[in-house]
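Given next are the chains, with one letter for each unit.
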Amino acid sequence: MPELTRTDAVFVLDLGDDENRFAPAWLEAVTAHLDTVVAGAEPAALVTVGGGKFYSNGLDLEWLAGHGDEGDRYVAAVHELLARMLSLPVPTIAAVNGHAFGAGAMLAMAHDFRLMRADRGYFCFPEVDIGIPFTPGMAALLQSKLTPAAAVASMTTGRRFGGPQAAELGLVDGTVTQDALVTAATESVAALAGKDRGTLAAIKSTMFAPALATLREHGN
Amino acid sequence: MPELTRTDAVFVLDLGDDENRFAPAWLEAVTAHLDTVVAGAEPAALVTVGGGKFYSNGLDLEWLAGHGDEGDRYVAAVHELLARMLSLPVPTIAAVNGHAFGAGAMLAMAHDFRLMRADRGYFCFPEVDIGIPFTPGMAALLQSKLTPAAAVASMTTGRRFGGPQAAELGLVDGTVTQDALVTAATESVAALAGKDRGTLAAIKSTMFAPALATLREHGN
Amino acid sequence: MPELTRTDAVFVLDLGDDENRFAPAWLEAVTAHLDTVVAGAEPAALVTVGGGKFYSNGLDLEWLAGHGDEGDRYVAAVHELLARMLSLPVPTIAAVNGHAFGAGAMLAMAHDFRLMRADRGYFCFPEVDIGIPFTPGMAALLQSKLTPAAAVASMTTGRRFGGPQAAELGLVDGTVTQDALVTAATESVAALAGKDRGTLAAIKSTMFAPALATLREHGN
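Because the structure is a prediction, the values reported are computed rather than measured.

Conventions we followed
- Residues numbered from 1 in each chain as written.
- Chains lettered and ligands numbered in written order.
- Predicted model: local features only at pLDDT ≥ 70, side-chain atom pairs only at ≥ 80, totals over all residues.
- Heavy atoms only, no water.
- Contact = heavy atoms within 4.5 Å.
- Buried area = accessible area lost by both parts, 1.4 Å probe.
- Salt bridge = Lys/Arg side-chain N within 4 Å of Asp/Glu carboxyl O.
- Polar contact = N/O pair within 3.5 Å; in protein donor to acceptor, adjacent residues only side chain to side chain.
- Helix = DSSP H or I, 4+ residues; strand = E, 2+ residues; numbered from the N terminus.
- Least-squares fit on C-alpha atoms with pLDDT ≥ 70 in both.
- Patch = residues over 30% accessible without salt bridge, like charges linked within 9 Å, V, L, I, M, F, W, Y side chains within 5 Å.
- Areas by Shrake-Rupley, 256 points an atom, 1.4 Å probe, with all protein chains shown as cover.
- Buried < 20%, exposed > 50% of the residue type's maximum accessible area, 1.4 Å probe, protein only.
- Phe/Tyr/Trp six-rings, centres within 6.5 Å; stacked < 30°, edge-to-face > 60°.
- Pairing = 2+ DSSP bridges.
- Axes fitted to C-alpha atoms, helices over the stretch in contact; angles between N-to-C directions.
- Parallel < 35°, antiparallel > 145°, perpendicular 65-115°, else oblique.
- Left-handed = near helix turned anticlockwise from the far one by under 90°.

Trainee: Explanation requested: the interface of chain C and chain A in the structure shown.
Mentor: Where interface size is quoted, it is often the accessible area lost as the parts come together. Tallying the contact residues gives 21 residues for chain C and 17 residues for chain A. Overall, the association of chain C and chain A removes approximately 1400 Å² of surface from exposure, summing both partners, and the carbon and sulfur fraction of that is 73%. The interface formed by chain C and chain A contains 1 salt bridge. In this structure, K195 of chain A engages D129 of chain C in a salt bridge whose closest nitrogen and oxygen atoms are separated by 2.7 Å. For the pair chain C and chain A, the number of links is 3 residue pairs in polar contact (both at pLDDT 80 or more). When contributions to the side of chain C that touches chain A are tallied by element, the ones reaching two or more residues are α5 (127-130), α6 (136-143) and α7 (148-155) of chain C. Broken down by element, the side of chain C that touches chain A gets its largest block of residues, 6 residues, from α7 of chain C.

Below is the structure:
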């Protein structure tokens, strides 16, 4: 399960050691940790990272298959997590330690920045190959963070991008070795941890207003 | 006139051997060929290419000058072609074999991808120089596919971009020699031909919903 | 105070020798000079540049602090200047000779193109650090000109970008030495000075319609 630690101003949210799929309990745990991150008034920034081979494999399709009647509520909860990360009032960076697939990759895209392990792991939107089109909210999120060429190349092909390819396309901002990943991510947001939260919240909410509205109003 | 051939899953639509302007009969022929491309259920992908010095020189201004009372219907038909290509439920790539001007360049931009001959031919939006501003639908299409800097550089200047310059700006995704053009374009979409059509249609329609709505609703 | 000179078709608007903040009198002078630039029918293009260490330091916060009751009108006037530059019916380029901060950097972004001195000066949006979030209009302007990654990197961090970094991120289109700045900027737009103004006005107004509407309708 997700665990939160803190070093000075920087919170590190470990998303877990397995596939880190968005099971309901996992969503609740992550949400509670985000509450902790933004609860204080002191400087804060957030790094998220997975502990094993995965950053996150996204939607918990197995759980969803067994709870069809809760599908709408589940998707709304996923949308809310993405919206919350997109507008979190502290600087955020995803340290993509391994595979980031589907909603897991979307969660990474919702951060301010992304740093990816260079040698292993894939960044991938498999939606086109598994017959699950992006919801309008998910598409709005991704398109608010990607160039048009990167959006087409990643959202319509199901292609898997290794770190260097992901960086070249702009899916992530850069790559480093696995050993340096959390340290580099931490350093990059530590310098930004002192930003006034109300101002940063207002800036992100204004910049991403259309995507946030689509994620939250349509809830689909 | 446009001709359609097929090799395995990949359809190649030859736009013609002359300027390949959007004459009404040309529009009808292209539309009928697109019907063929999407008619089956088996894997399919589309390459478009011109046979001579031109990919396409765009609007048939000569015809239009002689049919002023049909102007609105003509522009609506052009918009519909652009919208259809933008949301075609199979992977698409324009093999830009030579000059792509105006609406011809717009048609190329409506594909998922563009590959351009490296040594000859220009990619150009001459609208600013011929006194024909982009319609809202055309501008929405182009801006949904270009970075802001590329949109300004190409849409406000009338500048002609050779292959390497077009690739550097992101008007096209890459360049190859003329000999390799159709083969390289074919290979790049052949690998994507098996995508489920309903899913791909839903993804493109969601991603480009604003541009599609502007092209189709306003019809101007 | 701002001064306008002309060499052949190219107007050079010198924004002043000090910080070139947007004092009310400065705004009036710039507006009057823009009237002159677009008054004729002959070919014209615009270069803006500062005369000292600054391109412009943006809002006149000191004046604003002493005229709180005029704040809304002042911000509306700034929005109107940004909207006007964004849609000016002649080609425009900002020659960023030195520091461009806040609304000064926004004014540069409202031009069609930006060329920056390579060795000195910073391009910076300090809004997040001074507790003044971007208005919806200002954010819409900047996001209509920047890639998503560049918008996040510049608008949420308060980071100062030297010329080469600004060019790498796409905040400016290129850099040159200070000696060559105005000459290079002039040459780049001189070739575009003959564009038909009605057509160019229509193109820019269509391309940037959402940002222009947000700048002008909301007036905040």
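Trainee: Please clarify how the interface of chain B and chain C should be interpreted in this entry.
Mentor: Listed per partner, the contact involves 20 residues of chain B and 16 residues of chain C. Roughly 1400 Å² is buried in total at the junction of chain B and chain C, and carbon and sulfur atoms are behind 73% of that figure. Among the residues of chain B in contact with chain C, P148, V152 and T156 of chain B are the three that bury the most area, contributing 34% of the side total. Our enumeration of links across chain B and chain C arrives at 1 salt bridge. Between the two partners, chain B and chain C, sit 3 residue pairs in polar contact (both at pLDDT 80 or more). For the side of chain B that touches chain C, the elements supplying multiple residues, two or more each, are α5 (127-130), α6 (136-143) and α7 (148-155) of chain B. With 5 residues, α7 of chain B is the single largest residue contributor to the side of chain B that touches chain C.

Trainee: What is the right way to look at the relation of the copies chain B and chain C in this model?
Mentor: Comparison of the two chain copies shows a relationship of rotation about an axis with a shift along it. When chain B is brought onto chain C, the operation consists of a screw motion whose angular component is 120° and whose axial shift is 0.0 Å, with 0.0 Å RMSD remaining. Put plainly, the chains are arranged around a three-fold axis. Of the C-alpha atoms belonging to chain B, the one lying closest to the rotation axis is found on T147 of chain B, 3.6 Å away. Interface overlap between copies: only 10% of the residues of chain B at the interface are likewise at the interface in chain C, consistent with a contact formed by different surfaces.

Trainee: What's the story with a nonpolar patch on the surface in this structure? I'm lost.
Mentor: Residue and element names in this part refer to chain A. Among the surface-exposed residues, L61, I130 and I132 lie close enough to one another that they form a single nonpolar patch of about 220 Å² accessible area. Its place among the elements puts I132 in the loop between α5 (127-130) and α6 (136-143). In this structure I132 comes out as partly exposed when scored by relative accessible area, which is 33%.

Trainee: Just checking my understanding: could you explain the packing of aromatic side chains for this structure?
Mentor: Each aromatic ring pair is characterised by the separation of its centres together with the angle its planes make. Residue and element names in this part refer to chain A. If you walk through the whole model with that rule in mind, you get 12 aromatic pairs over all chains. Relative to Y74, the ring of W63 has its centre 5.3 Å away and its plane inclined at 40°; by these criteria the two rings are tilted. Taken together, the residues span a long stretch of sequence, with W63 in helix α2 (residues 61-66) and Y74 in helix α3 (residues 71-86) at a distance of 11 residues. Ring geometry for F123 and F125: centres 5.9 Å apart, planes at 85°, overall edge-to-face. Taking relative accessible area as the criterion, F125 reaches 1% and is therefore assigned buried.

Trainee: Sorry, what's going on with helix α4 (residues 103-110) of chain B here?
Mentor: Burial analysis of α4 of chain B places 8 of its 8 residues in the buried class, which makes it a mostly covered element. All of the buried residues in α4 of chain B are A103, G104, A105, M106, L107, A108, M109 and A110 of chain B.

Trainee: Explain the sheet that holds strand β10 (residues 174-176) of chain C to me, please; I cannot follow it from the model alone.
Mentor: All names here are of chain C. Here 6 strands make up an open sheet; going across it, the order is β1-β2-β3-β5-β7-β10 and the pairing mixed. The strands lining the two open edges of the sheet, one partner per strand, are β1 (3-7) and β10. Strand-to-strand twist in this sheet, taken as the mean axis angle between neighbours without regard to direction, amounts to 25°. Both β1 and strand β2 (residues 10-14) contribute to a ladder of 5 bridges, which runs antiparallel. Bridge pairing links T7 to V10 in β2.

Trainee: What exactly am I supposed to notice about the sheet that holds strand β7 (residues 113-117) of chain A here?
Mentor: What links the strands of a sheet is backbone hydrogen bonding, and the strands pair in either a parallel or an antiparallel sense. Residue and element names in this part refer to chain A. The strand order β1-β2-β3-β5-β7-β10 describes an open sheet built from 6 strands, whose pairing is mixed. Here the strands that pair on one side only, and so sit at the sheet edges, are β1 (3-7) and β10 (174-176). For this sheet the average axis-to-axis angle between neighbouring strands, irrespective of direction, equals 25°. Pairing of strand β5 (residues 92-96) with β7 involves 4 bridges; the strand directions are parallel. When the sheet's bridge partners are listed, A95 is paired in β7 with L115. The strands touched by helix α1 (residues 24-39) within the sheet are β1, β2 (10-14) and β3 (45-49), with β2 carrying the most contacts at an inclination of about 175°.

Trainee: I keep staring at the packing of helix α1 (residues 24-39) of chain B against helix α3 (residues 71-86) of chain B and nothing clicks. Help me out?
Mentor: Two quantities define a packed helix pair, namely the angle between the axes and the distance from one axis to the other. All names here are of chain B. α3 packs onto α1 with a crossing angle of 25° between their chain directions and a minimal axis gap of 11 Å. Relative to α3, α1 is oriented roughly parallel. Between α1 and α3 lies a crossing whose hand is left-handed. Across the interface between the two elements, W26, L27, V30, T31, L34, D35 and V38 from α1 touch Y74, A77, V78, L81, R84 and M85 from α3.

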